[in-house]
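Spelled out from the first residue to the last, the chains are:
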Amino acid sequence: MLPVLLFTFLLALAAPALVAWLGRRAFWVLALGPASAAAYALAMTPRVTAGDFPTTQVPWVPGLNLSITLQFDTLAWFMLLVVGGVGALVLLYCSAYFARDALGLGRFAAVLTAFAAAMVGLVVADDLLLLFVFWELTTVFSYLLIGHYADRKASRRAAMQAIVVTTAGGLAMLVGLIILGVAGDTWRVSELVADPPSGTAVTWAAVCLLAGAATKSALIPFHFWLPAAMAAPTPVSAYLHAAAMVKAGVYLVARFAPAFADLPVWRWLVLVLGGGTLLLGGYQALRQHDLKLVLAFGTVSQLGLIILLLGLGSKALALAGLAMLGAHAMFKAALFLVVGAVDVATGTRDLRKLSGLWRTMPFTATAGVLATASMIGFPPFAGYVAKEAALEGLWHDVTHGAGTVEAVALVALVVGSALTVAYGLRFVWGAFGTKRRPGAEAVRGEATTRDAAAEPASATPVRRQPWLLVTPPLVLAALGLAVGLVPAVGERLLAPYADLYPTGDAGHLTLWGGFTPVLALTVLVLLAGFVLFWQRSRVERAQDFFWSPRSAEVTYRRTMRRLDDLAADVTAATQRGSLPVYLGMILVVLAVAPGAVIATGLVGGTPGLQVVAWDRPADAAVVAIIAISCVLAARARRRLKAVVLVGVAGYANATLFMLHGAPDLALTQVLCETITLVVMVLVLRRMPPYFTDRPLAASRWVRLVLGVVTGLVMMALTVAAPLVRVATPISTHFPDEAYTWGGGKNIVNVTLVDIRAWDTVGEISVLLVAATGVASLIFLRQRSGEVLRLSRVEEVSRPDPHTRRVWLAAGSTMEPERRSVMFEVITRVIFHAMIVFALFLLFSGHNAPGGGFAAGLVMGIAFTVRYLAGGRYELGEAAPVSPGVLLGTGLFLSAGVGLATLVAGQEVLQSTVLNLHAPVLGEIHLVTSLFFDIGVMLVVVGLVLDLLRTLGAEIDRQGPLPARTLVGEVAAPGTPDPADDARHEEATR
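Cut-offs used in this document
- Residues numbered from 1 in each chain as written.
- Predicted model: local features only at pLDDT ≥ 70, side-chain atom pairs only at ≥ 80, totals over all residues.
- Heavy atoms only, no water.
- Helix = DSSP H or I, 4+ residues; strand = E, 2+ residues; numbered from the N terminus.
- Contact = heavy atoms within 4.5 Å.
- Areas by Shrake-Rupley, 256 points an atom, 1.4 Å probe, with all protein chains shown as cover.
- Axes fitted to C-alpha atoms, helices over the stretch in contact; angles between N-to-C directions.
- Parallel < 35°, antiparallel > 145°, perpendicular 65-115°, else oblique.
- Nonpolar A, V, L, I, M, F, W, Y, C, P; charged D, E, K, R; others polar.
- Phe/Tyr/Trp six-rings, centres within 6.5 Å; stacked < 30°, edge-to-face > 60°.
- Buried < 20%, exposed > 50% of the residue type's maximum accessible area, 1.4 Å probe, protein only.
- pLDDT = per-residue confidence, 0-100.
- Polar contact = N/O pair within 3.5 Å; in protein donor to acceptor, adjacent residues only side chain to side chain.
- Salt bridge = Lys/Arg side-chain N within 4 Å of Asp/Glu carboxyl O.
- Patch = residues over 30% accessible without salt bridge, like charges linked within 9 Å, V, L, I, M, F, W, Y side chains within 5 Å.
- Lys, Arg positive; Asp, Glu negative; His and termini not counted.
- Charge placed at Lys NZ, Arg CZ, Asp CG, Glu CD.
- Pairing = 2+ DSSP bridges.
- Core = buried A, V, L, I, M, F, W, Y, C linked by side-chain atoms within 4.5 Å.

A. Representation of the overall build of the protein within the structure. If you tally the helices and strands in the protein, you get 39 helices and four strands. In the protein, the share of contacts with a sequence separation of at least 24, taken over all contacts with a separation of at least 6, comes to 76%. Within the structure as shown, the protein displays about 46,200 Å² of accessible surface, and the carbon and sulfur contribution to it stands at 67%.

Have a look at this one:
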């Protein structure tokens, strides 16, 4: 099963290239995907009928006992035949349906093939979560297929409508699946069906499953999305809306009905959803003039019928429902393909404009007549056999003491079948019959006149049809006849599934059951349907006069419109463009929601709660500094003052880490605060010095109160979190794991580069993205990889290195008023020491405070000092490498360590300890995670250099030109002139 699934998905990936190479003939190759699924099902028929169900299980998340589990039982075998067989024929049909120069054909082929693969996975999945994954894949792919004609408003609206409705039902179904998995203590579908759990929660889970099935299979009140989806290409309608996607909901009901059909709420919901949809769809099909819409509403009606039969919980009805499912897939897919052929040949689907096609398109007409005969239940077709079995099963239940549900279902089946006969005859007559001259047929309330009906119209002109446009529907229609002739074979193959139902007598599939009341019901259905078709004009006028059931669609559109309005109002109130407002909202929600719950629990009393104010007086002193700096920062009007005060709080927090024995955290905090202060100061050069020109004393108090409340909530959270732990934290094993497997004594560093190295890869990836985002906001023109070097600047008076030494090479490029000789001297003295210290932290971090992150920060601070002392050209002299190279190399090196361990046959990012003996150095203890740490260091250094290059060097370049213009350096477009605004020059300095 798994190779078939993977093969189909691989074909979907290759579809665009195949279409570009082979054109429309690529569909012949793509048809091998679903065809292989059908062939596999046929090959497994002996095993399935013998009760030997093949099973495939591949571990997915072993820690959660989740696996990719596929099981091939009777239901999966039958669905795979339907999905694979019809899918292969539809793909062959596509090679003749689309024009050679059709736009987006490669994308369409890929999505349609991927949808077929998703359906294959859906019907064989034996894991609840895997079932949901494939379910949602079909939703996404169907959205893309319905909206294939993206330039048409109707297609876009229909696609959006379909995905909104089906996704909502899918989420409800997910809730039900999770409840079932937890209640049943298993995620295997087969185990849940064999031994279903019970209880109130399980009942609600069953309701959630029916909600998912109702949206997917277009049951009331969600039926409206299916007719709208007819805006999709006809092959999509033939596959998704006849044989595959809409059958997903039917499959869900069929899969879980043996376990939950005895629940009263399940039976009544099935009756309302299935019976109501059966009648409503048939009623609306009688008034349609578009052939696809006739079939669409007919599909809605018959989906309701199949759900009704499979969901009521009787063995006989289950057998009839499964037979109807197969018959419906054959005749409805054939009819949709017939409509596509008519549309291609005539350019219209309006049954009022078509006439005499039975002469000009004999093979297409034959396929249409055969498929329609099966649809209306005419003997000896498959549809007739299934309908007779359904009538027999319901009649038997009603006459043997069944309840109200079966009686109502029997009435709905008889009336719905009569409607099916009526719109089936309407379809055949509308597509292929010979009409009278235009105007003869009543159109929405206009009576047929005798004079107009006297003269027959000429046949509709048609274009030549490719054989692949005729063969697939003819094959499907002929299969409907062939299957109907051997009902005993179908009963033998499908009976094992029906035996799973707990109640009812075994049913039978037969062509002739004798002169029984069921035969009388069949005759009644055919006669009533013929009368409705004969009086079609009066029926349409009556429908116009009485009731047009469009309330569900109108309700949906109004709901979406109101939702859009509400979203616009909420957005206007909340998305005000103010970062303080956004942050304030987040903090208010934090204080009101979890804060209230935590406070209630603490006030009510918590066993074992002991709060210690401080361990030593120094803690209180540091906390006082933090509190004072935070209060002053909240009251500050100057931006620089607020930044410095926040930095004071950060450094004080690092002191707390040190006092409590966390030197690694203290070192990292200090380095981060230093880098943050520098970056903020660089940003503030382009911002006004004050937050606002108005005092706004009231806002200060608001900030203070919000800050105090947020602080109290976080304190309460810190106290409450350890008290609710019910299991031993995994961190208790970190010391032993760090030393035994990570080869280091610094638990923090080993955790970052070994135990949770994959998290670190994600974090440094975020750093790379952040650097890219900052650069995109700062650079006015296209960003280049050029590094500003002093050697590229011409006509700058530089002293002769043989006559006079300089402290910084590029110091002379700065304005004299910005230079500081003392700063340059100190920079020259400490820069190399800082680089050496950074390397020391890198190599010692595995067993002592440090590591790649701290080393990168120290090295970044060293480059920052060089930039502040000598300007943007000095930054290029200190680090003559593009930051992007460092970022990419660091990420590649860190991730490459993981790939190397895979090649070596180990787990991803698993460390290896190497104990080497060097002649001079002696014993060397090397851990391969060192290379991962080097990658982290390079990413951090690249990030700092990128920030200095963007927020520093690039903003310098965009600002006023210095007094001594450097030849070769051109100001950016829109660069302000100091002569135009003296205040700008003063602010810049």
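B. Structural detail: the packing of helix H15 (residues 291-311) against helix H16 (residues 315-346). The contact between H15 and H16 brings their axes to 9 Å, and the two run at 170°. Between H15 and H16, the angle is such that the two are roughly antiparallel. Split into classes, the residues belonging to the contact of H15 with H16 amount to 18 nonpolar, five polar and two charged.

C. The packing of aromatic side chains, seen in detail. Counted under the stated rule, the structure contains 15 aromatic pairs. Ring geometry for Phe 115 against Tyr 239: centres 5.7 Å apart, planes inclined by 85°, an arrangement best described as edge-to-face. One end of the pair, Phe 115, is in helix H6 (residues 105-124); the other, Tyr 239, is in helix H12 (residues 234-239), with 124 residues separating them in the sequence. On the basis of relative accessibility, which here comes to 0%, the residue Phe 115 falls in the buried class. According to the relative accessible area criterion, Tyr 239 is buried, its value standing at 1%.

D. How the structure looks around the confidence of the model for the protein. Averaged over the protein, the pLDDT score is 82; the fraction of residues at 70 or greater is 88%. pLDDT under 50 marks residues 438-455. Its contacts with residues more than four places away, or in other chains, come to 30 contacts. Within the model, pLDDT remains below 50 along residues 961-989, and this stretch shows 33 contacts once partners closer than five positions in the same chain are excluded.

E. Fine view of helix H32 (residues 747-755). For H32, the full list of buried residues reads Asn 749, Val 750, Thr 751, Val 753 and Asp 754. The residue sitting at the N-terminus of H32 and contributing the capping side-chain oxygen is Asn 746; that oxygen lies 3.2 Å from the backbone nitrogen of Val 748.

F. The arrangement of the environment of Tyr 690 in detail. Inspection of the secondary structure assignment puts Tyr 690 in the loop between helix H29 (663-684) and helix H30 (697-720). The class of Tyr 690 is partly exposed, set by a relative accessible area of 33%. Taking the C-alpha atoms as reference points, Tyr 690 and Ala 636, 54 residues apart in sequence, are found 8.9 Å from one another. Once residues within four sequence positions are removed from consideration, Tyr 690 is found in contact with Arg 637, Arg 638 and Arg 639. Here Arg 638 takes part through its side chain, which lies 3.2 Å from a polar atom of the side chain of Tyr 690.

G. Quick peek at the packing of H6 against helix H13 (residues 245-260). Put simply, H6 and H13 touch, their axes get as near as 11 Å, and they point 5° apart. Taken together, the axes of H6 and H13 lie roughly parallel to each other. Taking contact as the criterion, the partners of Phe 115, Met 119, Leu 122 and Val 123 in H6 are, on H13, Met 245, Ala 248, Tyr 251 and Arg 255. Along the lines of polarity and charge, the residues of the contact of H6 with H13 split into seven nonpolar, no polar and one charged.

H. Inspection of the pattern of salt bridges at higher detail. Tallied over the full model, the rule gives 11 salt bridges. Its salt-bridge partner being Lys 387, residue Glu 388 comes within 3.3 Å of it at the nearest N-O pair. By relative accessible area, Glu 388 is classed as buried at 11%.

I. Main features of a positive patch on the surface. Side chains of Lys 153, Arg 156, Arg 157, Arg 558, Arg 561 and Arg 562 sit close together on the surface and give a patch of like positive charge. Breaking the positive patch down by element, the ones donating at least two residues are helix H8 (153-184) and helix H25 (551-574). Judged by its relative accessible area of 44%, Arg 156 is partly exposed.

J. Structural context of the pairing of strand E2 (residues 66-71). With five of six residues buried, E2 lies mostly within the body of the structure. Judged from the six bridges that link them, strand E1 (residues 55-61) and E2 form a sheet pairing that is antiparallel. Bridge pairing links Pro 59 to Ser 67 in E2.

K. Representation of the nonpolar core in the model. By size, the foremost hydrophobic cluster in this structure holds 200 residues, and its most contacted members are Phe 72, Trp 225, Tyr 239, Phe 256, Phe 260 and Trp 266. With residues up to four places along the chain from it excluded, the contact list for Tyr 239 reads Val 83, Val 86, Gly 87, Val 90, Leu 112, Phe 115, Ala 116, Ala 244 and Met 245. By size, the runner-up hydrophobic cluster in this structure holds 48 residues, among which are Val 678, Ala 771, Leu 841 and Phe 932.

L. Examining unusual backbone geometry more closely. For the bond running from Ile 220 to Pro 221, omega is 5°, close enough to zero to count as cis. Following the sequence through the fold, Pro 221 ends up in the loop between helix H10 (200-216) and helix H11 (225-228). Residue Pro 380 is reached from Pro 379 by a cis peptide bond, and omega for that bond is 5°. Mapped onto the fold, Pro 380 is located in the loop between helix H18 (362-375) and helix H19 (382-399). Of note, the phi angle at Asp 185 is positive, near 55°, even though the residue is not glycine. The exposure class of Asp 185 is exposed, given its relative accessible area of 70%. The backbone of Ala 218 sits at a positive phi, close to 60°, despite the residue not being glycine. Checked against the element boundaries, Ala 218 lands in the loop between H10 and H11. Overall, Ala 218 belongs to the buried group, its relative accessible area being 0%.

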